[in-house]
Amino acid sequence: MKNRAVSAVSAAGACLALTALTACGRFESHPEPAGTAIPSEVPAKPTYTTAKAVVRAMGQAGVDCETVRSRDYDGSSTADCVATVDGVKVENEISVFDPDVVSKREIGTSIESRRTGAYAQTLVAAGNWYIRVMDPPSAPAIAKALHAVVLEAKGKGSKTPKYPLPDIPSTPTYKKVDALADDLAASVGCFQRETTSTGSIKCETGKLGSGSTNCAVLTLHPTHARRDAALREAIKYRGVPAELVTAGNWTVNLCDTTLGAKAARDLGGVVVAYDGR
(Lines give C-alpha, C1' and ligand atoms only; values in the text may rest on other atoms or scores of the structure.)
Protein backbone atom coordinates (compact mmCIF):
# COMPACT_ATOMS: atom_id res chain seq x y z
CA MET A 1 0.00 0.00 0.00
CA LYS A 2 2.88 2.32 0.88
CA ASN A 3 4.61 1.55 -2.43
CA ARG A 4 1.42 2.44 -4.29
CA ALA A 5 1.31 5.83 -2.52
CA VAL A 6 4.91 6.56 -3.40
CA SER A 7 4.24 5.61 -7.01
CA ALA A 8 1.26 7.94 -7.13
CA VAL A 9 3.30 10.83 -5.72
CA SER A 10 6.14 10.17 -8.16
CA ALA A 11 3.72 10.13 -11.07
CA ALA A 12 2.20 13.40 -9.91
CA GLY A 13 5.65 15.01 -9.61
CA ALA A 14 6.62 13.87 -13.08
CA CYS A 15 3.39 15.29 -14.46
CA LEU A 16 4.10 18.69 -12.87
CA ALA A 17 7.66 18.70 -14.18
CA LEU A 18 6.45 18.15 -17.75
CA THR A 19 3.60 20.66 -17.65
CA ALA A 20 5.50 23.11 -19.91
CA LEU A 21 5.66 20.50 -22.67
CA THR A 22 2.71 18.15 -22.03
CA ALA A 23 -0.36 17.77 -19.88
CA CYS A 24 0.27 14.22 -18.67
CA GLY A 25 0.03 12.64 -22.08
CA ARG A 26 -1.80 15.51 -23.88
CA PHE A 27 0.53 17.81 -25.88
CA GLU A 28 -0.18 21.50 -25.48
CA SER A 29 0.04 23.97 -28.37
CA HIS A 30 2.48 26.89 -28.04
CA PRO A 31 2.13 30.31 -29.65
CA GLU A 32 4.50 31.45 -32.38
CA PRO A 33 7.40 33.60 -31.16
CA ALA A 34 6.57 37.30 -31.20
CA GLY A 35 7.45 39.23 -34.34
CA THR A 36 6.91 39.24 -38.09
CA ALA A 37 7.93 36.47 -40.44
CA ILE A 38 10.66 37.15 -42.98
CA PRO A 39 8.95 37.65 -46.40
CA SER A 40 8.55 34.31 -48.15
CA GLU A 41 10.40 35.47 -51.27
CA VAL A 42 13.62 36.02 -49.33
CA PRO A 43 16.00 33.10 -50.06
CA ALA A 44 17.51 31.21 -47.12
CA LYS A 45 21.03 31.66 -48.51
CA PRO A 46 23.61 33.07 -48.81
CA THR A 47 24.33 33.81 -45.17
CA TYR A 48 27.19 35.86 -43.75
CA THR A 49 28.80 36.24 -40.35
CA THR A 50 29.59 39.97 -40.60
CA ALA A 51 28.68 43.02 -42.65
CA LYS A 52 32.29 43.19 -43.83
CA ALA A 53 31.79 39.76 -45.41
CA VAL A 54 28.86 41.16 -47.41
CA VAL A 55 31.09 44.00 -48.63
CA ARG A 56 33.70 41.44 -49.74
CA ALA A 57 31.03 39.41 -51.54
CA MET A 58 29.86 42.51 -53.41
CA GLY A 59 33.41 43.16 -54.57
CA GLN A 60 33.88 39.57 -55.70
CA ALA A 61 30.68 39.93 -57.75
CA GLY A 62 32.02 43.04 -59.48
CA VAL A 63 30.24 45.66 -57.36
CA ASP A 64 33.04 47.24 -55.34
CA CYS A 65 31.69 48.99 -52.26
CA GLU A 66 34.04 51.28 -50.34
CA THR A 67 33.42 50.99 -46.61
CA VAL A 68 32.71 54.29 -44.87
CA ARG A 69 32.13 52.85 -41.40
CA SER A 70 31.47 49.46 -39.79
CA ARG A 71 30.66 48.14 -36.35
CA ASP A 72 30.08 44.76 -34.69
CA TYR A 73 27.53 44.31 -31.91
CA ASP A 74 26.38 41.38 -29.78
CA GLY A 75 24.11 39.59 -32.22
CA SER A 76 24.53 41.85 -35.24
CA SER A 77 27.00 43.60 -37.50
CA THR A 78 26.62 46.75 -39.61
CA ALA A 79 28.52 48.59 -42.31
CA ASP A 80 27.94 51.60 -44.56
CA CYS A 81 29.59 51.50 -47.96
CA VAL A 82 29.45 53.34 -51.28
CA ALA A 83 29.24 51.49 -54.61
CA THR A 84 29.06 52.74 -58.19
CA VAL A 85 26.11 51.30 -60.13
CA ASP A 86 25.53 52.41 -63.73
CA GLY A 87 27.68 55.49 -63.13
CA VAL A 88 25.83 56.49 -59.95
CA LYS A 89 27.47 56.45 -56.53
CA VAL A 90 25.11 54.61 -54.19
CA GLU A 91 25.11 54.55 -50.40
CA ASN A 92 24.29 51.20 -48.79
CA GLU A 93 23.52 50.36 -45.16
CA ILE A 94 24.28 46.68 -44.46
CA SER A 95 22.82 44.79 -41.47
CA VAL A 96 23.79 41.18 -40.64
CA PHE A 97 22.26 39.19 -37.77
CA ASP A 98 23.62 36.25 -35.76
CA PRO A 99 20.91 33.55 -35.93
CA ASP A 100 22.03 32.18 -32.55
CA VAL A 101 21.14 35.49 -30.94
CA VAL A 102 18.48 37.07 -33.18
CA SER A 103 15.46 34.99 -34.23
CA LYS A 104 14.06 34.89 -37.75
CA ARG A 105 10.94 36.68 -36.56
CA GLU A 106 13.03 39.45 -35.04
CA ILE A 107 14.79 39.83 -38.39
CA GLY A 108 11.39 39.87 -40.09
CA THR A 109 10.17 42.58 -37.73
CA SER A 110 13.26 44.67 -38.51
CA ILE A 111 12.65 44.25 -42.25
CA GLU A 112 8.99 45.23 -41.90
CA SER A 113 9.79 48.36 -39.89
CA ARG A 114 12.28 49.47 -42.55
CA ARG A 115 9.85 48.98 -45.44
CA THR A 116 6.95 50.91 -43.90
CA GLY A 117 6.43 54.38 -42.47
CA ALA A 118 6.73 57.90 -43.80
CA TYR A 119 10.25 57.27 -45.14
CA ALA A 120 9.82 53.67 -46.28
CA GLN A 121 13.04 52.05 -47.46
CA THR A 122 13.99 49.75 -50.33
CA LEU A 123 15.93 46.69 -49.16
CA VAL A 124 17.96 43.87 -50.69
CA ALA A 125 17.75 40.73 -48.56
CA ALA A 126 18.68 37.06 -48.23
CA GLY A 127 19.58 34.64 -45.46
CA ASN A 128 20.35 36.49 -42.23
CA TRP A 129 21.00 39.95 -43.66
CA TYR A 130 19.61 42.91 -45.57
CA ILE A 131 20.89 46.08 -47.21
CA ARG A 132 19.14 49.43 -47.29
CA VAL A 133 19.88 50.78 -50.78
CA MET A 134 19.67 54.57 -50.72
CA ASP A 135 19.21 54.74 -54.50
CA PRO A 136 16.27 52.38 -55.22
CA PRO A 137 16.93 52.10 -59.00
CA SER A 138 20.28 50.49 -58.12
CA ALA A 139 18.76 47.78 -55.91
CA PRO A 140 18.19 45.14 -58.66
CA ALA A 141 21.87 45.20 -59.69
CA ILE A 142 22.98 44.76 -56.07
CA ALA A 143 20.45 41.97 -55.50
CA LYS A 144 21.65 40.14 -58.62
CA ALA A 145 25.28 40.38 -57.51
CA LEU A 146 24.48 38.88 -54.10
CA HIS A 147 21.86 36.28 -55.22
CA ALA A 148 19.28 38.10 -53.11
CA VAL A 149 15.89 39.75 -53.75
CA VAL A 150 14.66 43.32 -53.77
CA LEU A 151 12.06 44.17 -51.12
CA GLU A 152 10.40 47.37 -52.24
CA ALA A 153 9.16 49.98 -49.81
CA LYS A 154 5.53 49.55 -48.79
CA GLY A 155 2.65 51.77 -47.79
CA LYS A 156 1.59 55.31 -48.50
CA GLY A 157 4.37 57.43 -49.89
CA SER A 158 6.61 54.46 -50.73
CA LYS A 159 6.38 54.93 -54.50
CA THR A 160 7.83 57.92 -56.26
CA PRO A 161 5.01 59.40 -58.38
CA LYS A 162 5.71 60.34 -61.99
CA TYR A 163 5.35 64.02 -61.22
CA PRO A 164 5.37 66.19 -64.35
CA LEU A 165 8.56 68.22 -64.59
CA PRO A 166 9.09 71.51 -66.41
CA ASP A 167 11.09 71.73 -69.63
CA ILE A 168 14.65 71.44 -68.36
CA PRO A 169 17.40 73.16 -70.40
CA SER A 170 20.05 70.80 -71.77
CA THR A 171 22.80 73.26 -70.82
CA PRO A 172 24.83 74.30 -68.96
CA THR A 173 26.53 71.03 -67.99
CA TYR A 174 29.46 70.48 -65.64
CA LYS A 175 32.33 68.00 -65.57
CA LYS A 176 33.04 68.64 -61.89
CA VAL A 177 30.66 69.48 -59.10
CA ASP A 178 33.17 72.03 -57.74
CA ALA A 179 32.58 74.19 -60.83
CA LEU A 180 28.84 74.10 -60.14
CA ALA A 181 29.56 75.12 -56.55
CA ASP A 182 31.63 78.08 -57.77
CA ASP A 183 28.74 79.31 -59.94
CA LEU A 184 26.26 78.87 -57.09
CA ALA A 185 28.63 80.79 -54.81
CA ALA A 186 28.59 83.72 -57.22
CA SER A 187 24.80 83.68 -57.19
CA VAL A 188 23.52 82.95 -53.67
CA GLY A 189 26.60 81.71 -51.86
CA CYS A 190 28.20 78.31 -51.34
CA PHE A 191 30.72 78.17 -48.52
CA GLN A 192 31.78 75.69 -45.83
CA ARG A 193 31.82 73.08 -48.58
CA GLU A 194 31.80 69.40 -47.72
CA THR A 195 32.07 66.57 -50.25
CA THR A 196 29.78 63.65 -49.36
CA SER A 197 30.59 59.96 -49.77
CA THR A 198 28.62 59.90 -53.03
CA GLY A 199 30.45 62.87 -54.54
CA SER A 200 27.82 65.55 -53.96
CA ILE A 201 28.75 68.85 -52.29
CA LYS A 202 26.97 70.25 -49.26
CA CYS A 203 27.45 73.93 -48.59
CA GLU A 204 25.93 76.95 -46.89
CA THR A 205 24.15 79.68 -48.85
CA GLY A 206 23.75 83.29 -47.80
CA LYS A 207 20.09 84.13 -47.33
CA LEU A 208 19.18 87.33 -49.19
CA GLY A 209 18.45 90.36 -47.03
CA SER A 210 19.94 88.94 -43.85
CA GLY A 211 23.16 87.60 -42.42
CA SER A 212 21.77 84.11 -41.82
CA THR A 213 22.82 81.06 -43.81
CA ASN A 214 21.20 77.95 -45.10
CA CYS A 215 22.19 74.75 -46.85
CA ALA A 216 22.34 73.40 -50.38
CA VAL A 217 23.20 69.99 -51.86
CA LEU A 218 24.78 69.99 -55.33
CA THR A 219 24.79 66.80 -57.42
CA LEU A 220 25.87 65.77 -60.91
CA HIS A 221 23.91 63.02 -62.68
CA PRO A 222 25.14 60.60 -65.39
CA THR A 223 21.91 60.73 -67.43
CA HIS A 224 18.81 62.89 -67.74
CA ALA A 225 16.71 59.94 -66.55
CA ARG A 226 18.73 59.72 -63.34
CA ARG A 227 18.46 63.47 -62.88
CA ASP A 228 14.70 63.39 -63.29
CA ALA A 229 14.38 60.46 -60.88
CA ALA A 230 16.32 62.43 -58.26
CA LEU A 231 14.07 65.45 -58.78
CA ARG A 232 10.89 63.40 -58.36
CA GLU A 233 12.28 61.69 -55.26
CA ALA A 234 13.03 65.08 -53.69
CA ILE A 235 9.48 66.39 -54.15
CA LYS A 236 7.46 63.34 -53.15
CA TYR A 237 7.17 63.71 -49.37
CA ARG A 238 4.06 65.30 -47.90
CA GLY A 239 4.85 67.92 -45.30
CA VAL A 240 8.36 68.42 -46.68
CA PRO A 241 8.62 71.53 -48.91
CA ALA A 242 11.34 71.35 -51.56
CA GLU A 243 13.07 73.86 -53.81
CA LEU A 244 15.50 72.67 -56.47
CA VAL A 245 17.26 74.30 -59.40
CA THR A 246 18.28 72.15 -62.37
CA ALA A 247 19.57 72.08 -65.92
CA GLY A 248 21.81 69.84 -68.01
CA ASN A 249 23.35 67.16 -65.80
CA TRP A 250 22.96 68.79 -62.37
CA THR A 251 20.61 69.59 -59.51
CA VAL A 252 20.89 72.00 -56.60
CA ASN A 253 18.61 71.19 -53.67
CA LEU A 254 18.12 74.37 -51.64
CA CYS A 255 17.06 74.39 -48.01
CA ASP A 256 16.10 78.06 -48.34
CA THR A 257 13.03 78.03 -50.58
CA THR A 258 13.34 81.78 -51.29
CA LEU A 259 16.57 81.40 -53.27
CA GLY A 260 15.33 79.22 -56.15
CA ALA A 261 14.30 81.95 -58.58
CA LYS A 262 17.57 83.89 -58.32
CA ALA A 263 19.76 80.77 -58.51
CA ALA A 264 17.85 79.52 -61.56
CA ARG A 265 18.18 82.87 -63.32
CA ASP A 266 21.92 83.16 -62.61
CA LEU A 267 22.78 79.53 -63.39
CA GLY A 268 20.57 79.20 -66.50
CA GLY A 269 18.33 76.56 -64.97
CA VAL A 270 14.70 76.14 -63.93
CA VAL A 271 13.03 75.71 -60.55
CA VAL A 272 11.40 72.41 -59.50
CA ALA A 273 9.46 73.02 -56.32
CA TYR A 274 6.92 71.36 -54.00
CA ASP A 275 5.00 73.12 -51.24
CA GLY A 276 4.72 69.97 -49.14
CA ARG A 277 0.93 69.69 -49.33
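Engineer: Before we go on, may I ask you to explain the packing of aromatic side chains in this structure?
Structural biologist: Two numbers describe a pair of aromatic rings. These are the distance of the centres and the angle of the planes. The full count for this structure, using the stated rule, is three aromatic pairs. Seen in terms of ring centroids, Phe-97 and Tyr-130 are 5.7 Å apart; in terms of plane orientation they differ by 45 degrees. Their pairing is tilted. Here Tyr-130 lies in strand β7 (residues 129-133) and Phe-97 lies in strand β5 (residues 88-97), a separation of 33 residues in the sequence. As far as the burial class goes, Phe-97 and Tyr-130 line up, both buried. Relative to Trp-250, the ring of Tyr-174 lies with its centre 6.1 Å away and its plane at 75 degrees, an arrangement referred to as edge-to-face.

Engineer: Before we go on, may I ask you to explain helix α6 (residues 224-234) in this structure?
Structural biologist: At 3.6 residues per turn, the α-helix brings residues three or four places apart onto the same side. Buried within α6 we find Arg-226, Arg-227, Asp-228, Leu-231, Arg-232 and Ala-234. Summarising the contacts, the buried residues of α6 are in contact with β4 (76-85), β5, β12 (242-247), β13 (250-254) and β14 (270-274).

Engineer: So what exactly am I meant to see when it comes to the nonpolar core here?
Structural biologist: Side chains that are nonpolar tend, in soluble globular proteins, to be buried together. Membership of the largest hydrophobic core comes to 28 residues, with the highest contact counts inside it found for Met-58, Ile-94, Val-124, Trp-129, Ile-131 and Leu-146. Of all the elements in the fold, those that place two or more residues in this core are α2 (51-60), β4, β5, β6 (123-126), β7 and α4 (139-145). Not counting the four nearest positions on each side in its chain, Ile-94 is found in contact with Ala-51, Val-54, Val-55, Met-58, Ser-77, Thr-78, Ala-79, Cys-81, Tyr-130 and Ile-131. Core analysis: the next-biggest nonpolar cluster, separate from the first, contains 20 residues, Val-177, Val-188, Ile-201 and Val-252 among them.

Engineer: Teacher, can you tell me more about the pattern of salt bridges here?
Structural biologist: Pairing of side chains with opposite charge becomes possible as their charged atoms draw close. Inspection of every chain in the model, using the stated rule, returns nine salt bridges. Put simply, Asp-182 and Arg-193 hold a salt bridge, and the shortest N to O gap is 2.9 Å. Of the two residues, Asp-182 is situated in helix α5 (residues 177-187) and Arg-193 in strand β9 (residues 191-195); the sequence distance between them amounts to 11 residues. Judged by its relative accessible area of 44%, Asp-182 is partly exposed. Relative accessible area serves as the criterion here: at 37%, Arg-193 is assigned to the partly exposed category. A salt bridge links Arg-227 to Asp-228, with the nearest nitrogen and oxygen atoms 3.0 Å apart. Taken individually, Arg-227 and Asp-228 each receive the classification buried, so the pair is uniform in this respect.

Engineer: Would you mind showing me how to read the environment of Leu-123 here?
Structural biologist: Tracing the backbone through its elements, the reader meets Leu-123 in strand β6. Between the C-alpha atom of Leu-123 and that of Glu-93, which follows or precedes it by 30 residues, the distance is 9.3 Å. Contacts of Leu-123, omitting those with residues within four sequence positions, involve Ile-111, Arg-114, Arg-115, Tyr-130, Ile-131, Arg-132, Val-149, Val-150 and Leu-151.

Engineer: What is the right way to look at the sheet that holds β7 in this model?
Structural biologist: In a beta sheet, neighbouring strands pair by backbone hydrogen bonds and run either parallel or antiparallel. Read from one edge to the other, the open sheet built from six strands follows the order β3-β4-β5-β7-β6-β8, with strand pairing classed as antiparallel. Sheet topology places β3 (65-72) and β8 (149-151) at the edges, where each strand pairs with a single neighbour. Neighbour to neighbour, the strand axes of the sheet diverge by 25 degrees on average, direction disregarded. Relative to β5, β4 is paired through 10 bridges, and the arrangement is antiparallel. Bridge pairing in β5 places Ala-83 opposite Val-90.

Cut-offs applied
- Residues numbered from 1 in each chain as written.
- Predicted model: local features only at pLDDT ≥ 70, side-chain atom pairs only at ≥ 80, totals over all residues.
- Heavy atoms only, no water.
- Phe/Tyr/Trp six-rings, centres within 6.5 Å; stacked < 30°, edge-to-face > 60°.
- Helix = DSSP H or I, 4+ residues; strand = E, 2+ residues; numbered from the N terminus.
- Buried < 20%, exposed > 50% of the residue type's maximum accessible area, 1.4 Å probe, protein only.
- Contact = heavy atoms within 4.5 Å.
- Core = buried A, V, L, I, M, F, W, Y, C linked by side-chain atoms within 4.5 Å.
- Salt bridge = Lys/Arg side-chain N within 4 Å of Asp/Glu carboxyl O.
- Pairing = 2+ DSSP bridges.
- Axes fitted to C-alpha atoms, helices over the stretch in contact; angles between N-to-C directions.

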